[in-house]
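So the chains spell out like this:
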Amino acid sequence: MLTGKRQLIRRAALAGAAFIPVLLFAGLAAAQVEGQPTPGGVGLPPTVTEVGRETQQFYNVVLLPIITFIALSVLGLLMYVAWRFNENANPVPSKLTHHTGLEIVWTLVPVLILVFIAIPSFRLLAHQVEIPAAKVTIKVTGNQWYWSYKYPEDQGGFGFDQVMKQDADLQPGDVRLLSVDNEAVVPVNEVVKLQVTASDVIHSFTIPAFTVRMDAVPGRLNETWFKAEKEGIYYGQCSKICGKDHAFMPIAIRVVSWEKYQEWLAEAKKKFAGAGPRQQFAAVSAR
Ligand SMILES: [Cu+2]
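First, a word on scope: everything that follows refers to the structure included in this document. (Residues numbered from 1 in each chain as written. Predicted model: local features only at pLDDT ≥ 70, side-chain atom pairs only at ≥ 80, totals over all residues. Heavy atoms only, no water.)

Quick word on the coordination of the copper ion
H203 (ND1), C238 (SG), C242 (SG) and M249 (SD) make up the full set of protein donors to the copper ion, lying at 2.0 to 2.6 Å. Ordering the donors of the copper ion by residue number gives the pattern H-x34-C-x3-C-x6-M. Note on C242: relative accessible area 5%, which makes it buried. (Donors = N, O, S within 2.8 Å, 3.2 Å for Na, K, Ca; no water. Buried < 20%, exposed > 50% of the residue type's maximum accessible area, 1.4 Å probe, protein only.)

Quick notes on the pairing of strand β6 (residues 203-207)
Remember that side chains alternate between the two faces of the sheet whenever the strand is regular. Burial analysis of β6 places five of its five residues in the buried class, the great majority of the element. The alternating pattern of β6 places H203, F205 and I207 on one face and S204 and T206 on the opposite face, and all of these are buried. Hairpin connection from β6 to strand β7 (residues 212-216): four residues lie between these consecutive antiparallel strands, with T211 at a positive phi of about 50°. (Helix = DSSP H or I, 4+ residues; strand = E, 2+ residues; numbered from the N terminus. Pairing = 2+ DSSP bridges.)

Here we look at the sheet that holds strand β2 (residues 146-151)
Read across the open sheet, the five strands follow the order β3-β2-β1-β5-β8; overall the sheet is mixed. In this open sheet, the two strands that pair with only one neighbour each are β3 (158-162) and β8 (222-226). Neighbour-to-neighbour, the strand axes of the sheet open up by a mean angle of 25°, direction not taken into account. Each of β1 (136-143), β2 and β3 touches helix α4 (residues 258-271); the most contacted strand, β3, lies at about 90° to it. (Axes fitted to C-alpha atoms, helices over the stretch in contact; angles between N-to-C directions. Contact = heavy atoms within 4.5 Å.)

A short note on α4
Along an α-helix, residues three or four apart share an orientation, since each turn contains 3.6 residues. End to end, α4 covers 20 Å across 14 residues, agreeing with the expected 20 Å (1.5 Å per residue, within 8%). Of the residues making up α4, those classed as buried are Y261, W264, L265 and A268. For α4, the arc enclosing every buried residue in end-on projection is 110°, short of the 170-degree limit, so these residues lie on one face. Seen from the open side of α4, the exposed residues pointing more than 90 degrees away from its buried face are E259, E263, E267 and K270. Contacts made by the buried residues of α4 are with β1, β2, β3, β4 (184-187) and β10 (250-256). (Expected span 1.5 Å × (residues − 1). Arc of directions from axis to C-beta.)

Here we look at the nonpolar core
Residues Y149, Y151, F205 and F210 are the most contacted members of the largest nonpolar core, which totals 40 residues. If sequence neighbours within four positions are ignored, F210 has contacts with V48, T49, F226, A228, Y234, I253 and V255. By size, the runner-up hydrophobic cluster in this structure holds six residues, among which are V175, V180, I233 and Y235. (Core = buried A, V, L, I, M, F, W, Y, C linked by side-chain atoms within 4.5 Å.)

Let's talk about the packing of aromatic side chains
The full count for this structure, using the stated rule, is 16 aromatic pairs. An angle of 20° between the planes, with centres 4.3 Å apart, marks the rings of F210 and F226 as stacked. In this pair, F210 sits in the loop between β6 and β7 while F226 sits in strand β8, placing the two residues 16 residues apart along the sequence. Given the relative accessible area of 1%, F210 is considered buried. On the accessibility criterion, F226 (2% relative accessible area) is buried. An aromatic cluster is built from Y149, Y151, F158, F160, W258, Y261, W264 and F272, whose rings are joined through pairwise contacts. Geometry around F85 places R84 over its ring, the cationic atom sitting 5.0 Å from the centre. (Phe/Tyr/Trp six-rings, centres within 6.5 Å; stacked < 30°, edge-to-face > 60°. Lys NZ or Arg CZ within 6 Å of the ring centre and 35° of its normal.)

Digging into a nonpolar patch on the surface
Together, L44, Y59, L64, I67, F69, I70, V74 and L78 make up an exposed nonpolar region whose accessible area comes to about 730 Å². As for its placement among the helices and strands, Y59 is situated in helix α2 (residues 50-84). (Patch = residues over 30% accessible without salt bridge, like charges linked within 9 Å, V, L, I, M, F, W, Y side chains within 5 Å. Areas by Shrake-Rupley, 256 points an atom, 1.4 Å probe, with all protein chains shown as cover. Salt bridge = Lys/Arg side-chain N within 4 Å of Asp/Glu carboxyl O.)

Observations concerning the packing of α2 against helix α3 (residues 100-129)
Angle between the axes and distance between the axes: these two values describe a pair of packed helices. As a packed pair, α2 and α3 sit with axes 10 Å apart at the nearest point and diverge in direction by 165°. In terms of their interaxial angle, α2 and α3 are classed as roughly antiparallel. Handedness of the α2/α3 crossing: left-handed. Here E50, V51, E54, T55, F58, V62, L63, I66 and I70 of α2 lie close against α3, whose contacting residues are I113, F116, I117, P120, S121, L124, H127 and Q128. (Parallel < 35°, antiparallel > 145°, perpendicular 65-115°, else oblique. Left-handed = near helix turned anticlockwise from the far one by under 90°.)

Looking at the side chain of S179
Tracing the backbone shows S179 in the loop between β3 and β4. For S179, a relative accessible area of 3% gives the class buried. At 3.3 Å, the side chain of S179 and the side chain of Y235 are in polar contact. (Polar contact = N/O pair within 3.5 Å; in protein donor to acceptor, adjacent residues only side chain to side chain.)

Regarding α3
With 30 residues, α3 should cover 44 Å at 1.5 Å per step; its first-to-last C-alpha distance of 42 Å lies within 8% of that length. In the structure, α3 departs most strongly from a straight axis at A118, where the bend amounts to approximately 30° and where the proline P120 lies between one and four residues downstream. (Bend = angle between axes of the 7 residues up to and from the residue.)

Considering the sheet that holds strand β9 (residues 232-237)
Taken in spatial order, the three strands of this open sheet run β4-β10-β9, and their pairing is mixed. Among the strands making up the open sheet, the edge pair consists of β4 and β9. For this sheet the average axis-to-axis angle between neighbouring strands, irrespective of direction, equals 30°. Where β9 lies against β10, six bridges are found, and the strand directions are antiparallel. Paired with Y235 across the strands is A252, a residue of β10. Contacts between α4 and the sheet are confined to β4 and β10, with β4 contributing the most and set at about 140° to the helix.

Shown next, in the form of C-alpha coordinates:
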(Lines give C-alpha, C1' and ligand atoms only; values in the text may rest on other atoms or scores of the structure.)
Protein backbone atom coordinates (compact mmCIF):
# COMPACT_ATOMS: atom_id res chain seq x y z
CA MET A 1 0.00 0.00 0.00
CA LEU A 2 1.22 3.45 -0.83
CA THR A 3 1.16 6.03 1.90
CA GLY A 4 -1.18 8.99 1.44
CA LYS A 5 1.70 11.37 0.64
CA ARG A 6 3.34 9.09 -1.90
CA GLN A 7 -0.01 8.45 -3.51
CA LEU A 8 -0.57 12.18 -3.82
CA ILE A 9 2.85 12.67 -5.46
CA ARG A 10 2.15 9.82 -7.86
CA ARG A 11 -1.18 11.31 -8.84
CA ALA A 12 0.36 14.75 -9.37
CA ALA A 13 3.11 13.21 -11.54
CA LEU A 14 0.51 11.37 -13.62
CA ALA A 15 -1.51 14.55 -14.07
CA GLY A 16 1.67 16.42 -15.06
CA ALA A 17 2.62 13.72 -17.56
CA ALA A 18 -0.79 14.02 -19.14
CA PHE A 19 -0.04 17.66 -19.91
CA ILE A 20 3.28 16.96 -21.66
CA PRO A 21 1.64 16.16 -25.03
CA VAL A 22 -0.44 19.33 -24.67
CA LEU A 23 2.67 21.47 -24.08
CA LEU A 24 4.56 19.74 -26.88
CA PHE A 25 1.59 20.22 -29.17
CA ALA A 26 1.34 23.93 -28.33
CA GLY A 27 5.07 24.44 -28.90
CA LEU A 28 5.07 22.73 -32.27
CA ALA A 29 1.85 24.37 -33.36
CA ALA A 30 3.32 27.80 -32.62
CA ALA A 31 6.27 27.10 -34.90
CA GLN A 32 4.08 26.64 -37.96
CA VAL A 33 4.44 28.91 -40.98
CA GLU A 34 1.38 30.50 -42.55
CA GLY A 35 0.40 29.28 -45.96
CA GLN A 36 2.55 26.17 -46.21
CA PRO A 37 3.27 22.96 -44.34
CA THR A 38 6.02 22.98 -41.71
CA PRO A 39 8.29 20.03 -40.89
CA GLY A 40 7.12 18.62 -37.56
CA GLY A 41 4.07 20.86 -37.54
CA VAL A 42 1.19 19.54 -35.47
CA GLY A 43 -2.41 20.69 -35.27
CA LEU A 44 -4.43 22.91 -37.54
CA PRO A 45 -2.42 25.19 -39.85
CA PRO A 46 -2.37 28.90 -38.96
CA THR A 47 -5.22 30.78 -40.57
CA VAL A 48 -5.43 34.36 -41.85
CA THR A 49 -9.18 34.81 -42.23
CA GLU A 50 -11.97 35.51 -39.78
CA VAL A 51 -13.90 32.45 -40.96
CA GLY A 52 -10.72 30.42 -40.40
CA ARG A 53 -10.35 31.66 -36.84
CA GLU A 54 -14.00 30.93 -36.09
CA THR A 55 -13.65 27.45 -37.58
CA GLN A 56 -10.55 26.64 -35.53
CA GLN A 57 -12.17 28.02 -32.39
CA PHE A 58 -15.23 25.86 -33.02
CA TYR A 59 -12.97 22.83 -33.43
CA ASN A 60 -10.69 23.57 -30.46
CA VAL A 61 -13.26 24.89 -27.97
CA VAL A 62 -16.41 22.92 -28.82
CA LEU A 63 -15.64 19.75 -30.81
CA LEU A 64 -12.29 18.64 -29.42
CA PRO A 65 -13.30 18.69 -25.70
CA ILE A 66 -16.58 16.90 -26.47
CA ILE A 67 -14.99 14.15 -28.57
CA THR A 68 -12.19 13.75 -26.02
CA PHE A 69 -14.73 13.38 -23.21
CA ILE A 70 -16.78 10.85 -25.21
CA ALA A 71 -13.74 8.79 -26.24
CA LEU A 72 -12.36 8.70 -22.69
CA SER A 73 -15.78 7.86 -21.20
CA VAL A 74 -16.29 4.94 -23.60
CA LEU A 75 -12.74 3.71 -22.95
CA GLY A 76 -13.27 3.96 -19.20
CA LEU A 77 -16.60 2.16 -19.40
CA LEU A 78 -15.12 -0.66 -21.50
CA MET A 79 -12.21 -1.08 -19.09
CA TYR A 80 -14.55 -1.11 -16.10
CA VAL A 81 -16.82 -3.70 -17.72
CA ALA A 82 -13.86 -5.92 -18.67
CA TRP A 83 -12.55 -5.74 -15.12
CA ARG A 84 -15.80 -5.93 -13.14
CA PHE A 85 -17.84 -8.36 -15.24
CA ASN A 86 -15.33 -10.87 -16.55
CA GLU A 87 -16.04 -14.54 -15.88
CA ASN A 88 -13.70 -14.75 -12.89
CA ALA A 89 -14.98 -11.66 -11.13
CA ASN A 90 -18.63 -12.27 -11.95
CA PRO A 91 -19.28 -16.02 -12.36
CA VAL A 92 -23.09 -15.76 -12.22
CA PRO A 93 -24.23 -13.16 -14.81
CA SER A 94 -27.38 -11.17 -14.30
CA LYS A 95 -30.37 -11.97 -16.56
CA LEU A 96 -31.33 -8.29 -16.78
CA THR A 97 -31.84 -7.21 -20.44
CA HIS A 98 -33.75 -3.91 -20.28
CA HIS A 99 -33.49 -0.82 -18.18
CA THR A 100 -35.94 1.88 -19.24
CA GLY A 101 -34.23 4.69 -17.36
CA LEU A 102 -30.84 3.83 -18.85
CA GLU A 103 -32.26 3.58 -22.38
CA ILE A 104 -33.86 7.01 -22.10
CA VAL A 105 -30.56 8.46 -20.90
CA TRP A 106 -28.40 6.95 -23.65
CA THR A 107 -30.85 8.19 -26.27
CA LEU A 108 -31.32 11.67 -24.84
CA VAL A 109 -27.71 12.49 -23.98
CA PRO A 110 -26.36 12.07 -27.57
CA VAL A 111 -29.33 14.07 -28.92
CA LEU A 112 -28.60 16.90 -26.48
CA ILE A 113 -24.88 16.82 -27.40
CA LEU A 114 -25.79 17.11 -31.10
CA VAL A 115 -28.17 20.00 -30.45
CA PHE A 116 -25.45 21.71 -28.40
CA ILE A 117 -23.00 21.31 -31.30
CA ALA A 118 -25.55 22.32 -33.95
CA ILE A 119 -26.11 25.87 -32.67
CA PRO A 120 -22.55 27.24 -33.15
CA SER A 121 -22.11 24.95 -36.17
CA PHE A 122 -25.01 26.50 -38.13
CA ARG A 123 -23.87 30.00 -37.20
CA LEU A 124 -20.41 29.21 -38.60
CA LEU A 125 -21.85 27.57 -41.70
CA ALA A 126 -23.93 30.66 -42.45
CA HIS A 127 -20.80 32.82 -42.16
CA GLN A 128 -18.97 30.56 -44.61
CA VAL A 129 -21.80 30.29 -47.11
CA GLU A 130 -23.15 33.84 -47.20
CA ILE A 131 -20.81 35.71 -49.51
CA PRO A 132 -20.39 39.40 -48.60
CA ALA A 133 -20.17 42.08 -51.30
CA ALA A 134 -16.94 41.24 -53.11
CA LYS A 135 -14.41 43.70 -54.48
CA VAL A 136 -12.69 41.07 -56.62
CA THR A 137 -14.21 38.06 -58.36
CA ILE A 138 -12.03 35.34 -59.85
CA LYS A 139 -13.06 32.26 -61.77
CA VAL A 140 -11.02 29.16 -61.03
CA THR A 141 -11.18 26.06 -63.22
CA GLY A 142 -9.71 22.70 -62.26
CA ASN A 143 -8.12 20.69 -65.06
CA GLN A 144 -6.22 17.41 -65.18
CA TRP A 145 -3.75 18.43 -63.71
CA TYR A 146 -3.45 22.17 -63.19
CA TRP A 147 -5.62 25.15 -62.34
CA SER A 148 -6.77 27.97 -64.65
CA TYR A 149 -7.68 31.46 -63.44
CA LYS A 150 -9.82 34.08 -65.14
CA TYR A 151 -9.87 37.67 -63.99
CA PRO A 152 -13.06 39.20 -65.44
CA GLU A 153 -13.31 42.48 -67.38
CA ASP A 154 -13.47 44.72 -64.28
CA GLN A 155 -10.11 43.25 -63.19
CA GLY A 156 -8.44 43.47 -66.59
CA GLY A 157 -10.08 40.60 -68.42
CA PHE A 158 -7.31 38.02 -68.72
CA GLY A 159 -6.67 34.40 -67.87
CA PHE A 160 -3.76 32.09 -67.25
CA ASP A 161 -2.86 28.58 -66.20
CA GLN A 162 -1.09 27.67 -63.00
CA VAL A 163 1.19 24.67 -63.39
CA MET A 164 3.45 23.14 -60.74
CA LYS A 165 7.17 23.87 -61.09
CA GLN A 166 9.28 20.84 -61.84
CA ASP A 167 12.17 20.14 -59.43
CA ALA A 168 14.71 21.40 -61.99
CA ASP A 169 12.95 24.80 -62.21
CA LEU A 170 12.84 25.53 -58.47
CA GLN A 171 14.38 28.86 -57.38
CA PRO A 172 15.58 29.71 -53.85
CA GLY A 173 12.51 30.29 -51.69
CA ASP A 174 10.33 28.00 -53.76
CA VAL A 175 8.61 25.07 -52.13
CA ARG A 176 8.91 21.70 -53.80
CA LEU A 177 5.57 20.33 -55.03
CA LEU A 178 3.81 23.60 -54.10
CA SER A 179 5.44 26.40 -56.10
CA VAL A 180 3.91 27.15 -59.49
CA ASP A 181 4.80 29.02 -62.67
CA ASN A 182 2.04 31.66 -62.35
CA GLU A 183 0.87 32.66 -58.88
CA ALA A 184 -2.63 34.10 -58.62
CA VAL A 185 -2.57 37.51 -56.92
CA VAL A 186 -5.29 39.02 -54.72
CA PRO A 187 -5.50 42.14 -52.53
CA VAL A 188 -5.18 41.99 -48.74
CA ASN A 189 -8.16 42.84 -46.50
CA GLU A 190 -10.66 42.69 -49.37
CA VAL A 191 -13.42 40.19 -49.95
CA VAL A 192 -12.44 37.92 -52.84
CA LYS A 193 -15.20 35.85 -54.39
CA LEU A 194 -14.19 32.65 -56.14
CA GLN A 195 -16.27 30.95 -58.80
CA VAL A 196 -15.06 27.38 -58.96
CA THR A 197 -15.64 24.86 -61.71
CA ALA A 198 -13.80 22.10 -63.60
CA SER A 199 -13.26 21.17 -67.23
CA ASP A 200 -12.88 17.42 -66.99
CA VAL A 201 -13.38 15.59 -63.68
CA ILE A 202 -14.18 16.71 -60.14
CA HIS A 203 -11.36 18.56 -58.39
CA SER A 204 -11.41 20.49 -55.12
CA PHE A 205 -9.93 23.93 -54.59
CA THR A 206 -8.45 24.03 -51.09
CA ILE A 207 -6.34 26.58 -49.26
CA PRO A 208 -5.91 25.65 -45.58
CA ALA A 209 -4.72 29.11 -44.48
CA PHE A 210 -7.97 30.68 -45.76
CA THR A 211 -10.06 27.74 -44.55
CA VAL A 212 -11.42 27.56 -48.07
CA ARG A 213 -12.39 24.33 -49.71
CA MET A 214 -14.77 24.14 -52.64
CA ASP A 215 -15.43 21.28 -55.03
CA ALA A 216 -14.74 22.04 -58.68
CA VAL A 217 -17.42 20.17 -60.62
CA PRO A 218 -17.70 20.09 -64.43
CA GLY A 219 -20.85 21.87 -65.62
CA ARG A 220 -21.45 23.54 -62.28
CA LEU A 221 -20.36 26.89 -60.90
CA ASN A 222 -19.69 26.79 -57.16
CA GLU A 223 -18.94 29.90 -55.18
CA THR A 224 -16.92 30.61 -52.09
CA TRP A 225 -15.03 33.55 -50.63
CA PHE A 226 -12.21 34.65 -48.39
CA LYS A 227 -10.77 37.83 -46.96
CA ALA A 228 -7.07 37.38 -46.27
CA GLU A 229 -5.80 39.62 -43.50
CA LYS A 230 -2.08 39.17 -44.03
CA GLU A 231 0.16 39.58 -47.07
CA GLY A 232 2.16 36.56 -48.17
CA ILE A 233 2.11 33.45 -50.27
CA TYR A 234 -0.49 30.80 -49.49
CA TYR A 235 -0.39 27.31 -50.91
CA GLY A 236 -3.08 24.72 -51.31
CA GLN A 237 -3.65 21.47 -53.14
CA CYS A 238 -6.38 19.74 -55.07
CA SER A 239 -8.35 17.86 -52.43
CA LYS A 240 -10.45 15.46 -54.44
CA ILE A 241 -8.67 12.57 -56.08
CA CYS A 242 -8.78 13.36 -59.80
CA GLY A 243 -6.35 11.09 -61.58
CA LYS A 244 -2.69 10.22 -61.80
CA ASP A 245 -1.28 13.70 -61.15
CA HIS A 246 -3.78 14.67 -58.45
CA ALA A 247 -0.87 15.25 -56.06
CA PHE A 248 0.90 17.55 -58.53
CA MET A 249 -1.60 20.35 -59.11
CA PRO A 250 -0.87 22.78 -56.28
CA ILE A 251 -2.55 26.14 -55.75
CA ALA A 252 -0.54 29.29 -55.03
CA ILE A 253 -2.20 32.58 -54.10
CA ARG A 254 -0.16 35.66 -53.31
CA VAL A 255 -1.82 38.26 -51.10
CA VAL A 256 -0.50 41.82 -51.65
CA SER A 257 -1.48 45.42 -50.89
CA TRP A 258 -4.14 47.08 -53.04
CA GLU A 259 -1.48 49.20 -54.81
CA LYS A 260 0.70 46.18 -55.62
CA TYR A 261 -2.39 44.34 -56.79
CA GLN A 262 -3.17 47.14 -59.26
CA GLU A 263 0.44 47.04 -60.53
CA TRP A 264 0.23 43.27 -60.96
CA LEU A 265 -3.09 43.58 -62.81
CA ALA A 266 -1.52 46.01 -65.31
CA GLU A 267 1.48 43.72 -65.84
CA ALA A 268 -0.57 40.55 -66.00
CA LYS A 269 -2.96 42.07 -68.51
CA LYS A 270 -0.02 42.60 -70.88
CA LYS A 271 1.69 39.31 -70.06
CA PHE A 272 -1.37 37.14 -70.53
CA ALA A 273 -2.98 39.17 -73.34
CA GLY A 274 -4.66 36.77 -75.72
CA ALA A 275 -3.13 33.84 -73.84
CA GLY A 276 -6.37 32.47 -72.42
CA PRO A 277 -6.40 29.23 -70.49
CA ARG A 278 -4.60 26.57 -72.49
CA GLN A 279 -6.27 23.69 -74.24
CA GLN A 280 -7.38 20.91 -71.98
CA PHE A 281 -4.74 18.19 -71.49
CA ALA A 282 -2.03 20.40 -73.01
CA ALA A 283 -0.20 20.48 -69.67
CA VAL A 284 0.00 16.70 -69.57
CA SER A 285 2.29 16.48 -72.58
CA ALA A 286 4.72 18.82 -70.80
CA ARG A 287 5.22 16.31 -67.98
CU1 LIG B 1 -7.55 17.72 -59.10
